[in-house]
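# Inside the fold
Residue strings, one per chain:
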Amino acid sequence: MIRRMATESRDAAHPIPRFPAGFLWGVSTSAHQIEGAVDEREPSVWDAFTAEPGRVKDGSTAAVACDHYHRYGEDVALLAGLGVDAYRFSVSWPRVRFGDGSGLDFYDRLVDELCAAGVRPVPTLFHWDLPAGLDWLDRDTAARFADHVARVADRLGDRVGKWITLNEPAEHTLLGHALGVHAPGRKLLFDALPVAHHQLLAHGLAVRALRAAGATDIGIANSHGPVWPASREPADLEAAAFYDLLLNRLFAEPLLLGRYPEGLGELMPGDVESDLKVIAEPVDWYGVNYYAPTKVGAPQGTEIEFGGVVMPAELPFSVRQIEGRPVTDFGWPVVPEGLTEVLTTFHERYGDRLPPVVITENGCSYEGLDDQDRIAYLDGHLRALHRAVEAGVDVRGYFVWSLLDNFEWAEGYARRFGLVHVDFEDPAALTRTPKASYAWFRDMLRSQR
Ligand code: IFM
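Residues numbered from 1 in each chain as written. Predicted model: local features only at pLDDT ≥ 70, side-chain atom pairs only at ≥ 80, totals over all residues. Heavy atoms only, no water.

## Points about the sheet that holds strand β5 (residues 217–223)
Spatial strand order, β1-β2-β3-β4-β5-β7-β12-β13: eight strands in a closed barrel with parallel pairing. Taking each pair of neighbouring strands and ignoring which way they run, the sheet shows an average axis angle of 25°. Contacts between helix α11 (residues 337–350) and the sheet are confined to β7 (286–289), β12 (357–361) and β13 (395–401), with β12 contributing the most and set at about 140° to the helix. (Pairing = 2+ DSSP bridges. Helix = DSSP H or I, 4+ residues; strand = E, 2+ residues; numbered from the N terminus. Axes fitted to C-alpha atoms, helices over the stretch in contact; angles between N-to-C directions. Contact = heavy atoms within 4.5 Å.)

## Regarding the site of the ligand
Taken together, Gln 33, His 127, Trp 128, Asn 167, Glu 168, Tyr 291, Trp 332, Glu 361, Trp 401, Glu 408, Trp 409 and Phe 417 make up the full set of residues adjacent to the ligand. With respect to the ligand, the side chain of His 127 contributes an N or O atom lying 2.8 Å from an oxygen atom. For the ligand, an oxygen atom lies 2.8 Å from a polar atom in the side chain of Trp 409. Starting from 280 Å² of accessible surface for the ligand in isolation, the protein chains cover 95%. Broken down by class, the residue content of the shell around the ligand amounts to six nonpolar, three polar and three charged. (Near = heavy atom within 4 Å. Polar contact = N/O pair within 3.5 Å; in protein donor to acceptor, adjacent residues only side chain to side chain. Areas by Shrake-Rupley, 256 points an atom, 1.4 Å probe, with all protein chains shown as cover. Nonpolar A, V, L, I, M, F, W, Y, C, P; charged D, E, K, R; others polar.)

## Considerations on the nonpolar core
One finds Val 27, Phe 145, Leu 343, Leu 385, Tyr 398 and Phe 441 to be the most contacted residues of the largest nonpolar core, which totals 144 residues. Non-local contacts of Leu 385, meaning those with residues more than four positions away in its chain, are made with Phe 19, Phe 23, Leu 339, Leu 343, Ile 359, Val 395 and Tyr 398. Ranked by size, the runner-up nonpolar core spans eight residues in total, among them Val 122, Ala 221, Val 358 and Phe 399. (Core = buried A, V, L, I, M, F, W, Y, C linked by side-chain atoms within 4.5 Å. Buried < 20%, exposed > 50% of the residue type's maximum accessible area, 1.4 Å probe, protein only.)

## Topic: the pairing of strand β3 (residues 120–126)
Within β3, six of the seven residues are buried, leaving the element largely enclosed by the surrounding structure. Here strand β2 (residues 86–90) runs beside β3; their pairing, made up of five bridges, is parallel. Note that in β3 the partner of Arg 88 across the bridge is Val 122. Sheet analysis places β3 next to strand β4 (residues 162–167), joined by two bridges and oriented parallel. By the bridge assignment for β4, Thr 124 is matched with Ile 164. With helix α6 (residues 140–156) bridging β3 and its parallel neighbour β4, the resulting β-α-β unit is right-handed. (Right-handed = clockwise from strand over helix to strand, strands pointing away.)

## Some thoughts on the environment of Arg 139
Mapped onto the elements of the fold, Arg 139 is located in the loop between β3 and α6. Sequence spacing of Arg 139 and His 197 is 58 residues, and the spatial spacing of their C-alpha atoms is 8.8 Å. Within the structure, Arg 139 has its side chain in polar contact with the side chain of Asp 275 (distance 2.8 Å).

## Brief notes about the environment of Arg 88
Relative to the helices and strands, Arg 88 resides in strand β2. In this structure Arg 88 comes out as buried when scored by relative accessible area, which is 0%. For the pair Arg 88 and Gly 101, spaced 13 residues apart in sequence, the C-alpha separation works out to 22 Å. Of note is the side chain of Arg 88, whose polar atom sits 3.1 Å from the backbone oxygen of Thr 360. Side-chain polar atoms of Arg 88 contact the side chain of Glu 361, separated by 3.0 Å.

## Comments concerning the environment of Val 160
On the secondary structure map, Val 160 appears in the loop between α6 and β4. Excluding residues within four positions of it along the chain, Val 160 makes contact with Val 111, Pro 121 and Pro 123.

## Topic: the sheet that holds strand β8 (residues 294–297)
One key point about sheets: their strands pair by backbone hydrogen bonds, in either a parallel or an antiparallel sense. The three strands are arranged β6-β8-β11 in an open sheet whose pairing can be described as mixed. One side of each edge strand has no neighbouring strand; the edge strands of this open sheet are β6 (227–229) and β11 (318–320). For this sheet the average axis-to-axis angle between neighbouring strands, irrespective of direction, equals 45°. Pairing of β6 with β8 involves three bridges; the strand directions are parallel. The partner of Trp 228 across the bridge, within β8, is Lys 295. Together, β6, β8 and β11 form the strand contacts of helix α9 (residues 234–256), whose direction differs from that of β6 by roughly 170°.

## Here's the deal with the side chain of Asn 289
With respect to the element layout, Asn 289 can be found in strand β7. Within the structure, the side chain of Asn 289 is placed 2.6 Å from the side chain of Thr 360, a separation counted as a polar contact. Here Asn 289 is in contact with Arg 88, Asn 167, Glu 168, Ala 221, Asn 222, Ser 223, His 224, Thr 360 and Glu 361, once residues within four sequence places are set aside.

## So, the pattern of salt bridges
The tally for this structure, following the rule as stated, stands at 34 salt bridges. Between Asp 217 and Lys 162 there is a salt bridge, with the nearest N and O atoms lying 3.2 Å from each other. Placement of the pair is Asp 217 in strand β5 and Lys 162 in strand β4, with a sequence separation of 55 residues. Pair check on accessibility: Asp 217 and Lys 162 agree, each one buried. Here Asp 244 and Arg 349 are joined by a salt bridge, their closest N and O atoms 2.5 Å apart. (Salt bridge = Lys/Arg side-chain N within 4 Å of Asp/Glu carboxyl O.)

These figures come from the coordinates and say nothing about function on their own.
This is the structure we're talking about:
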């Protein structure tokens, strides 16, 4: 059921500046966070993780989530009402492997529905829900992923033009394998680096599989943000540079430059030089997920809790709070100019090796239907994005995270990122109610046409 809109859009005294012609506007979601229908897919590493007490803060699971699997028609109607050009969703690998291919039928139906509504489907082929039994520490998982990609491209490629290989391999490595706060819950610290390498290899193999299937519009969704040193002291500068290496350069440079940044290549498994040739398969655009900058200083010798993540004392850096900024319900600082900064930094660092950029995620967690904080966040970030365009960065699209409130991983349902509220208190109805930000984004899109 879809309820009437919470409020009408507020008057924009200063409209968002116009983005270049052909700019792609969309919203994003991911399979595990919204689909539910757990019995109609194979298990994933997230099912085992959420079953362990204490892993998810509110004790919830994604077994039903938004039940998008059964309610996708309603959700496509919401997309059409919003007036977006494109919808970024993810294809669940455990669902694709289910039964005799009936899992893929779901994406067939979804893509048909999107096309009928005039919304371009933009699938992400891996968004953290690894099939149970597979492991990114194994090199073979990269080859298995390429098979999955070929299968999906074969089925959907007649209607899907734009593809995303992976979502945020950095977070999947860091949170899932180094710090253990996401599935599969490993705390390997720097021994998690092979997970990064195998995902990057999987990306390169996926690009090859997509090209073999005739795809011409391929990207990745990498998370990036500026890293601000806590002070100008050498120890803080060094710690910040190291964090920048891990968050930004480790995942950008193999793809864009065909090499690992200093010292990291030696730590990776296998024939790294030959793998880098695969990893650097050219992409048509580069996706950036941006939420906030990170302030980083020298280690403080103690465990630090930051943004819901406990960082052990032995790390060679410590993450600090950025003071003097509003924060989202997640405690993340709201820093729109960080988006301009990360894009202009990449433009300067990588020059013409950086393909056109698409913002594949940007958004914030706030409670409430009259979500003026979210409107302010999106308004500020779109202006910041436009400043990057004015500064010469070739930006081709922007996707809000997220269409719906959903299962926010280890936080459960406590963090609401949606333009549309979902009533998780009433699991039989899971009523969708567009928030004020939905109307605001819809009106902003109209002003761009
Ligand atoms: O919900 C996540 C998403 O799955 C990946 N990027 C960040 C979002 C907000 O935490």
